[in-house]
Amino acid sequence: MNFVQGVKDGFKEFGERVTSVVNFVLLLIVYVIGVGITTILAKITKQKLLDFSFKDGRDSYWVDHKEEVDYTKQF
Amino acid sequence: MYILGISCYYHDASAALLKDGVIVAAAEEERFTRKKHDISFPTNAINYCLKEVGISADKLDYVTFYEKPFLKFERILYQHITMFPRSFWSFYKTVPSWVNERLRIRRMLKKTLKYDGKVFFVEHHQAHAASSYLISPFDKAALLTVDGVGEWATTTFGYAKGTDLKIMKEINFPHSLGLLYSAVTAYLGFKVNNSEYKVMGLSPYGNRTKSNPYYAKMRKLIDIKPDGSYALDMSYFVYHYKMSMPSSKFVKVFGPTRKWSDPLTKRHKDISAALQMVTEEAIFAMLNSLYKETKCTNLCIAGGCALNSVANGKLLRNTPFKKIYIQPSAGDGGTSMGAALYTYNVILGKKKRYVLTDAFFGPQFTDRQIKKFLDRNKIKYTQFKSDKELVKTVASLIKTENVIGWFQGRMEWGPRALGARSILSDPTNPKMQDILNLKVKHREKFRPFAPVICADDAKTYFECDEPVPVPTDFMLMVYPIKKFARSKVPSITHVDGSGRLQTIRRKDNQLYYDLIKEFGKISKIPILINTSFNIRGEPIVCTPFHAYRCMMGTGIDYLVMNRFFIGRADNPQHMWDSESHAKD
Ligand SMILES: [Fe+2]
């Protein structure tokens, strides 16, 4: 019984490790291709996706709020 | 009409249920799963809310989520794109949960609740603002929300009149006062999203003047404009692409990062003081500007920064506002309630008809349920014949150095124990801080305990605003203790002479109020120590089992559940050492 359980646990652990390696590789591919290419495009088109401005001479950092009025939408 | 509000997947997950615009049940998920600050989908909290009113999910008219997930995911993707390739690790750690859970709210509702009805998504800061204003006593108010981050916004200000609630302006990620506070919390060796209040508690030990050498350094990190808007110098932070928070530049300027086991030095204390000063400066500037814009003297605040009770205690004295409201669960936990209220009052346009004056929205247990639990587990107990007998016995036990576990009525909503799941003891005893720490809390020496006082006695002992603001009932305001009283209540007096008091009004919790008054008759000081009823590292207790387990694993002497009275020493068979299991 202990032996069978041990084998089962071993397989389970092995399976989990394989899954995490596969996940890592897949996410690395998504990251390099998906995020990487978008980064290059953003750089070419000079898109500023995050505003890091600090002491850039403006009088205020407030920005007007744009209300999302469709509450059924998730965006 | 039933509306369920849900908040989860970031900070404290929670659920709140409205019946015709009135809150009937609300609770944080952590209380059921026993995992502190649990962020998972709040299945248990939802089930509790539904059970409380005896309905199933198909009877819900609306379910409202506390943020717009796709908008938030957009911000996260933008972070990864901007910080490529340095953001890979954070991408690897967070993106799978977005794909599997966070972007599938409707599916989750169907799967866990079999709910297939209308689902609304309100913006995170709208939920924050609603969580305060729509249950406040005001018919109009200026609104300020400050937290770590929602979808994009980290700080917003707005105005509400009737059920018209408008956010006017905002500051967006990565600039965030909340994340600045969290970054310094991490730097000082404390747990982010958990121990920010410890940094706040440490700050009075540092130099609270501008001569503090770290004040000027801290001030360099943040540019605060005269209109209260601000920006952070992001070269001092890495939270926009890493799981950690301060950058190597921050460490270069402020010195080596403290590990949690390192001793707290003058440098750490001065840094915490500088942070608190800068935070207050930014908040006061925002509020002064908000007043100029709205010309309204009522103020509602929300967001994690609204839990900064030291700053809150100074707000009315440093701004033109005359009245303030903050709800007990001012952080993300409270946004489930805000989302539900926003749906009822703003989206559906129903009249504002509810004012929240107490925090008792969680589970409660009948005498029958408690007795059944005690009998089934062969626990020795006695039962008081009347509340009068209970109050007299417990007050005299507190006076004779006993620590009491106090379990009464519905569990509190929000992070503070407010007299439903509290540990009570004697603040006049100079040894009590050490006794409590030794027996139960094992917390950092620099943190004093919090006092509870009847609202009608507050002005005698504390230099509080007049009239005493409602948020004081939720332990959200720190005020100076009057000089004559400081030496009389040493275990609740902070190094700067302040106390984070809870005030209690008899209409909200009669038994608790009477106990404090009775203790006042015996000791001549109508104040008790009130600290949260939990084992270190665990959430506040919820059920009789949790309460009993907590007493038996710590040094709490007696447990009072409704009128049941249980002595730890009478039940040696169940004693255990919670400290050997404590995680925090
Ligand atoms: Fe928030």
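### Let's talk about the confidence of the model for chain B
Reasoning step 1: With 99% of its residues at a pLDDT of at least 70, chain B reaches an overall mean of 95.
Reasoning step 2: Prediction confidence for the complex, expressed as pTM and ipTM, is 0.94 and 0.88 respectively.

### Details of the packing of helix H11 (residues 266-294) of chain B against helix H12 (residues 309-318) of chain B
All names here are of chain B.
Reasoning step 1: Relative orientation of the contacting elements H11 and H12 amounts to 40°, with a least axis distance of 10 Å. Between H11 and H12, the interaxial angle falls into the category oblique. As H11 runs across H12, the sense of the crossing is right-handed. Residues Gln-276, Glu-280, Ile-283, Phe-284, Leu-287 and Asn-288 of H11 touch H12, and the partners they reach there are Val-310, Ala-311, Lys-314, Leu-315 and Asn-318.

### Re the packing of aromatic side chains
Each aromatic ring pair is specified by the distance between its two centres and by the angle formed by the two planes.
Reasoning step 1: Applying the stated criterion to the full structure yields 33 aromatic pairs over all chains.
Reasoning step 2: Centre to centre, the rings of Phe-24 of chain A and Tyr-92 of chain B are 5.0 Å apart; their planes meet at 75°, and the pair counts as edge-to-face. Taken together, the positions of Phe-24 of chain A in helix H1 (residues 2-44) and Tyr-92 of chain B in helix H4 (residues 88-102) put the pair across two chains.
Reasoning step 3: Taking the centre distance of 5.8 Å and the plane angle of 35° together, the rings of Tyr-461 of chain B and Phe-484 of chain B count as tilted. Of this pair, Tyr-461 of chain B sits in helix H17 (residues 458-461) while Phe-484 of chain B sits in helix H18 (residues 483-486), and the two are 23 residues apart along the sequence.

### Considerations on empty space enclosed by the protein
In this approach a probe as big as a water molecule rolls over the atoms, and the regions it shows empty are the leftover space.
Residue and element names in this part refer to chain B.
Reasoning step 1: Taken as a whole, this structure holds three cavities of 30 Å³ or more when the rule is applied.
Reasoning step 2: One number sums up the size of the largest cavity: a volume of about 70 Å³.
Reasoning step 3: Estimated volume of the second largest cavity: approximately 60 Å³.
Reasoning step 4: Looking at the second largest cavity, the residues that line it are Leu-144, Val-146, Ile-283, Ile-301, Ala-302, Cys-305, Ala-306, Asn-312 and Leu-315.

### A word on the sheet that holds strand S12 (residues 323-325) of chain B
Reasoning step 1: Here six strands make up an open sheet; going across it, the order is S1(A)-S8(B)-S7(B)-S6(B)-S11(B)-S12(B) and the pairing mixed. Taken across any chain shown, the strands that pair with only one partner, and hence form the sheet edges, are strand S1 (63-64) of chain A together with S12 of chain B.
Reasoning step 2: In the sheet, S1 of chain A pairs with strand S8 (residues 164-172) of chain B via two bridges, with the strands oriented antiparallel. The residue of S8 of chain B that forms the bridge with Val-63 of chain A is Glu-170 of chain B.
Reasoning step 3: Against the sheet, helix H6 (residues 124-133) of chain B engages strand S6 (140-146), strand S7 (153-161), S8, strand S11 (298-302) and S12 of chain B, with an angle of about 135° to S6 of chain B.

### Points about the side chain of Ser-532 of chain B
Reasoning step 1: In this fold, Ser-532 of chain B is placed in strand S20 (residues 527-532).
Reasoning step 2: Leaving out residues up to four positions away in the same chain, Ser-532 of chain B has contacts with Ala-417, Arg-421, Ile-423, Lys-441 and Ile-540 of chain B.

### With respect to the coordination of the iron ion
Residue and element names in this part refer to chain B.
Reasoning step 1: Coordination of the iron ion by the protein involves His-124 (NE2), His-128 (NE2), Asp-147 (OD) and Asp-332 (OD), with metal-donor separations of 2.0 to 2.3 Å.
Reasoning step 2: One way to put it: the four donor atoms around the iron ion meet at angles of 88 to 169°, and that makes the site irregular.
Reasoning step 3: Positions of the donor residues of the iron ion along the chain correspond to the pattern H-x3-H-x18-D-x184-D. You can see His-128 sitting in helix H6 and its partner Asp-332 sitting in the loop between S12 and helix H13 (335-347), a full 204 residues away along the chain. Across the pair, exposure class does not vary: His-128 and Asp-332 are buried alike.

### With respect to the packing of helix H9 (residues 213-221) of chain B against H11 of chain B
Residue and element names in this part refer to chain B.
Reasoning step 1: Direction vectors running N to C along H9 and H11 enclose 50°, while the axes themselves pass 8 Å from each other. Taken together, the axes of H9 and H11 lie oblique to each other. Crossing of H9 against H11: the hand is right-handed. Residue-level inspection shows Pro-213, Tyr-214, Tyr-215, Met-218 and Arg-219 of H9 in contact with H11, the latter providing Arg-267, Asp-270, Ile-271, Ala-274, Leu-275, Met-277, Val-278 and Glu-281.
Reasoning step 2: Looking at the contact of H9 with H11 residue by residue, the class counts come to nine nonpolar, no polar and four charged.

What counts, and at which threshold
Residues numbered from 1 in each chain as written. Chains lettered and ligands numbered in written order. Predicted model: local features only at pLDDT ≥ 70, side-chain atom pairs only at ≥ 80, totals over all residues. Heavy atoms only, no water. pLDDT = per-residue confidence, 0-100. Axes fitted to C-alpha atoms, helices over the stretch in contact; angles between N-to-C directions. Helix = DSSP H or I, 4+ residues; strand = E, 2+ residues; numbered from the N terminus. Parallel < 35°, antiparallel > 145°, perpendicular 65-115°, else oblique. Left-handed = near helix turned anticlockwise from the far one by under 90°. Contact = heavy atoms within 4.5 Å. Phe/Tyr/Trp six-rings, centres within 6.5 Å; stacked < 30°, edge-to-face > 60°. 1 Å grid on protein atoms, 1.4 Å probe; cavity = no way out; pocket = protein on both sides within 12 Å on 5 of 7 lines; lining within 4 Å. Points joined across faces, edges and corners; volume = space filled by probe spheres on them. Pairing = 2+ DSSP bridges. Donors = N, O, S within 2.8 Å, 3.2 Å for Na, K, Ca; no water. Tetrahedral: all angles 85-135°; square planar, octahedral: opposite > 155°, others 65-115°. Buried < 20%, exposed > 50% of the residue type's maximum accessible area, 1.4 Å probe, protein only. Nonpolar A, V, L, I, M, F, W, Y, C, P; charged D, E, K, R; others polar.

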